[in-house]
Amino acid sequence: MLTLTHISFFVYVIYLTLVLRYIGEIPQSLSETYYFLGSKRYPSADWQDNFDRLIASLFTLAMWAMAFTLLPAMLDVTPENLQFLVFLALAGICFVGAAPEFKQKYEGRVHTVSAWFAAVFGLSWAMFAAKGYIPLAASLTFSLAAGFATATLKRSLTFWMELVAFNTVFISLMSMM
């Protein structure tokens with residue numbers, strides 16, 4: 001049976017696969033894919049027209065789809081005293097999607113704080129609610145190995161650490177189901 005967790009995971013994998021194939025390289029961060037999608041003249045954020053913004057909004061759509069489909073499953077398996085971690089982590093992801101232009105002064109602040117909220121509270125949820133030490137170790141090992149294999153670990157460290165956070169949450173959640 002296809003659950004919301006699986007749908008969220010598929011959105012994550014499909015977004016990553018399509019955007020990495022489209023841009024043809026490992027970005028410095030997952031959020032940077034917003035700019036790659038919106039303007040082929042990267043790194044300038046000169047939007048050609050509204051169509052560029054529409055394509056770039058796939059980043060926002062992917063973040064929201066992942067967060068909203070994870071919410072019921074994570075709440076369902078999380079003890080009541082730790083459910084605040086779920087809300088803070090997923091709210092962080094929603095705000096990252098809502099404020100994707102991290103190179104702008106004010107929107108960038110919202111984006112950065114939200115990204116930290118998502119990562120810290122998502123990993124905290126995995127550690128305390130899901131006992132996610134093994135998923136964290138597996139995800140960290142995989143991401144570091146992939147970074148070394150593609151020779152992008154140093155340049156794209158933020159990207160690889162974001163994958164560690166997302167993968168840890170997904171693996172932890174799926175292990176609890």
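Residues numbered from 1 in each chain as written. Predicted model: local features only at pLDDT ≥ 70, side-chain atom pairs only at ≥ 80, totals over all residues. Heavy atoms only, no water.

Participant: Looking at this structure, how should I read the environment of Thr-60?
Facilitator: If you trace the backbone, Thr-60 turns up in helix 3 (residues 50-77). With near-sequence residues (within four places) excluded, Thr-60 lies in contact with Gly-97, Ala-98 and Pro-100. (Helix = DSSP H or I, 4+ residues; strand = E, 2+ residues; numbered from the N terminus. Contact = heavy atoms within 4.5 Å.)

Participant: Hey, could you run me through unusual backbone geometry in this one?
Facilitator: Residues other than glycine predominantly adopt negative phi, and peptide bonds predominantly adopt the trans conformation. Backbone geometry at Ala-151 places phi at a positive 55°, although glycine is not the residue there. For Ala-151, the location among the structural elements is in the loop between helix 6 (133-149) and helix 7 (157-176). Judged by its relative accessible area of 70%, Ala-151 falls in the exposed class. (Buried < 20%, exposed > 50% of the residue type's maximum accessible area, 1.4 Å probe, protein only.)

Participant: What is the right way to look at the environment of Trp-160 in this model?
Facilitator: Mapped onto the fold, Trp-160 is located in helix 7. Residues Trp-160 and Phe-142, spaced 18 residues apart in sequence, show a C-alpha to C-alpha distance of 9.4 Å. Beyond its immediate stretch of four places on either side in the chain, Trp-160 contacts Ile-26, Ser-143, Ala-146, Gly-147, Thr-150, Thr-152 and Leu-153.

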